[in-house]
Amino acid sequence: MKIVKLKKENLFPFLEEISKEADLWAPTKVESDRHKFQAIDDLDQIDIEYTRTILPPRKIILPPTINMFQASDKEYKEDFSHVSKKIIFGIHPCDLHGLLIMDNFFTHEFYDPYYMESRKNTLLLGHSCWPDENCLCKSTRTHIIKEGYDLFFSKIDDTYIVWIGSSKGDDLIRAKEDLFEEDISDKDIKKYTEWGDERDKAFQTEINFDSLRDLMELKYDDPLWKKVGNACLACGSCTNVCPTCNCYNIQDRPVLGENYSEIKRCWDACTLENYSEVAGGENFREKRSDRLKLWYTHKFQVYITEYGKPGCVGCGRCISTCPVDINVKTVGKSLDGEKVDSFWNRLDKEVTK
Amino acid sequence: MNNGKLKIGIFELTGCAGDALLILDCEKELLDIFKAVDIQVFLMASSEVTDEKLDIALVEGSVSTEKEIEELKDIRERAEVVVAIGICATVGGIQARFTDPKEWENKYKEVYGDIEMTHTKAVPSKPIDAYITVDTYLPGCPIGKDQFLNLFTRVVKGNLPERYPRPVCVTCKYNENDCLLNKGIACLGPLTEDGCGSICPNHNVPCFGCWGPVEGANLTSEYHLLQEKGFDIEAIKKQMANYSGTKLVEFFKQLKKESK
Ligand code: SF4
Ligand code: SF4
Ligand code: SF4
Ligand code: SF4
């Protein structure tokens, strides 16, 4: 793999150049405490000193609602208006791993053109990061990334070490070759390795994912599930913010004054009450505990069997999002026999249901 | 007159008429609406009314007088399909917050004193399904344009209404708000039906439940969560009761038992 170097002050000129050919998306700061990926008009909007955005970058590839096609009795017209040339800058390793899982999921058994057309038109430019108390990607082994990006920027002091991960990434560099330096020295590599060692030590959260797969099986009827079911607000937030969740619903919307319908594809969340409702009003997962079991089976067990990796990439979003502390950390540790201090654990003392 | 178009009536009981106004406010689509159906009753738009049979009746407002009970029963008899629109019709609205008969009587005396009503008698406000069978619901305060047009178009084109209730949190996350509950602010988003576009949390204001309770809301958990965060029990109940009309009465009774 080719590695080049970029001086910090040359980053914006480089982004300026490449954003001529595609829409540039990057993390921006909204108010004092939250970040989100936004389409960038002015490079000064970018705030690369972020830990996690509220929604993961999959929203850029497949937004919450898209139009799939228009249909009438006579005609069928496909709509790919959500597809355009995009470059996403500043994606952390966990989210790149999340997109790898999505790529796999949407091509594995059935090829999903609505995801893949958009994905193929999107270049991914990763960026290094530093963990906070909720990051657990070291436990999921997604704290480093060796594939799945076009370029990856690791910031060491005032310089970026840039990994080129694809020929498209190489083309981007060539567009502004004079900004980059090719003379990576042993000293640079040493600095980078030292930084990586320091970062490894900075993780505050650890979960034993190797055992979770079996524990999920063994503890399928554990009282834990009743407890989390009691507390879950069925708000769907954990699902909507997770970089590997991919469920959707199809809505048929007839258009007033026209003879066709618009068929829309909207994000859905298995933690919501109506997700498993079928024709006739039957609901297969009416109980919140059953819905949470499904979610955690996917994160801890099924994906390992199907794709060889857990369905969790350790981004910590469910931890910072769930109002009642139901997340991979508390559920994982609890499955592992640890007594966790969380609202759902405390609630059980007060509510009988 | 039979022109093959569906006959529609839009009725207003006790409420602010905001839902009827919203329908009139669909300026861009108004012509298409009037072209698609035959509007027989719509007092906000025209004083001409008929008493013909209706295919669809859209009913706004809660039931607050004996006269309205009769009117409503009449609407049910006339119409094939009845849709409750707006939270006054779906849950009872703010005017239905005094659900205890004694409490209601005291309030009534406080406001009207001993004035004698001659044309009708007031009764405690209730949602329309307290008196008649409702075929589908369209909550909102007022209803949302997009949801109204969707329901209207579906029904007019002969499709069944498609109801997919979810809490405000769903849109709130799409809008990438940091959760207010996690910042110690009492947000009712998880308990409230979505449709407003999470407009309050978008502006850092907690959801106060104006679209009414969502199906499957976990009241117990949120109640205890807020209690743990230091909110006063009465204040939480008051906030939950503001827009839930008659729909949370059982829950409040159960809480009363629990706190004893
Ligand atoms: S989860 Fe890992 S990759 Fe993601 S922000 Fe945290 S430290 Fe970085
Ligand atoms: S389960 Fe939680 S930590 Fe894991 S990827 Fe999903 S949101 Fe991130
Ligand atoms: S687990 Fe938490 S975030 Fe997920 S649906 Fe339940 S309450 Fe919401
Ligand atoms: S701020 Fe309110 S509406 Fe938004 S996610 Fe939190 S509880 Fe739900």
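K.L.:
Can you explain the nonpolar core? Please cite residues and give values.
P.N.:
Grouped together as the largest cluster of nonpolar side chains are 54 residues, with contacts concentrated most on Tyr296, Phe300, Ile326, Val331 and Leu335 of chain A together with Met240 of chain B. The dominant element in this core, judged by the number of residues it contributes, is helix H10 (residues 288-307) of chain A, at five residues. When neighbours within four sequence positions are excluded, Leu335 of chain A is seen to be in contact with Leu212, Leu215, Met216, Lys219, Leu224, Trp225 and Phe300 of chain A. Grouped together as the second largest cluster of nonpolar side chains are 27 residues, Trp25, Tyr50, Phe106 and Ile263 of chain A included.

K.L.:
Report on the interface of chain B and chain A, specifying residues and quantitative values.
P.N.:
With 40 residues of chain B at the contact, the number on the chain A side is 49 residues. Regarding the contact of chain B and chain A, the summed buried area is about 3600 Å², with carbon and sulfur atoms giving 49% of it. Here chain B is connected to chain A by four salt bridges. Close ionic contact of Arg166 of chain B with Asp268 of chain A constitutes a salt bridge, the shortest N to O distance being 3.3 Å. At the boundary of chain B with chain A, the tally comes to 19 residue pairs in polar contact (both at pLDDT 80 or more). The set of elements that each furnish at least two residues to the side of chain B that touches chain A consists of helix H2 (27-36), helix H6 (145-156), helix H7 (168-174) and helix H9 (219-228) of chain B. Class assignment of the residues belonging to the side of chain B that touches chain A gives a composition of 14 nonpolar, twelve polar and 14 charged.

K.L.:
Please give an account of the pairing of strand S1 (residues 6-12) of chain B that cites residues and values.
P.N.:
Residues and elements named next belong to chain B. A large share of S1 lies buried, amounting to five of its seven residues. As paired elements, S1 and strand S2 (residues 37-42) share five bridges and run parallel to each other. Bridged to Lys7 within S2 is Asp38. Across five bridges, the pairing between S1 and strand S3 (residues 54-60) is parallel. Directly across from Ile8, in S3, lies its bridge partner Ile56.

What counts, and at which threshold
The numbering scheme is per chain: residues are counted from 1 as the chain's sequence reads. Labels are handed out in written order, letters beginning with A for the chains and numbers beginning with 1 for the ligands. pLDDT decides what is reported in this predicted model: residues at 70 or higher carry local features, side-chain atom pairs at 80 or more are listed and counted, and totals for whole chains, interfaces and linings draw on all residues regardless. As a rule here, side-chain values cover all heavy atoms of the structure and leave hydrogens and water aside. We define a nonpolar core as any set of buried Ala, Val, Leu, Ile, Met, Phe, Trp, Tyr and Cys residues linked to one another through side-chain atoms lying within 4.5 Å. Relative accessibility under 20% of the residue-type maximum defines a buried residue, over 50% an exposed one, and the middle range a partly exposed one, all with a 1.4 Å probe and only protein chains included. By the criteria applied, helices consist of DSSP H or I runs no shorter than four residues and strands consist of E runs no shorter than two, each listed in order from the N terminus. Contacts were defined at the residue level, with two residues in contact if any of their heavy atoms lie within 4.5 Å. Summed over both partners, the accessible surface that disappears when two parts come together, traced with a 1.4 Å probe, is what is meant by buried area. Throughout this description, the term salt bridge denotes a Lys or Arg side-chain nitrogen within 4 Å of a carboxyl oxygen of Asp or Glu. Think of a polar contact as two N or O atoms within 3.5 Å of one another; within protein, one of them needs to be a possible hydrogen donor and the other a possible acceptor, and neighboring residues in sequence only count if both atoms come from side chains. The residue classification treats Ala, Val, Leu, Ile, Met, Phe, Trp, Tyr, Cys and Pro as nonpolar and Asp, Glu, Lys and Arg as charged. All others, Gly included, are polar. Paired strands are those between which DSSP finds at least two bridges.

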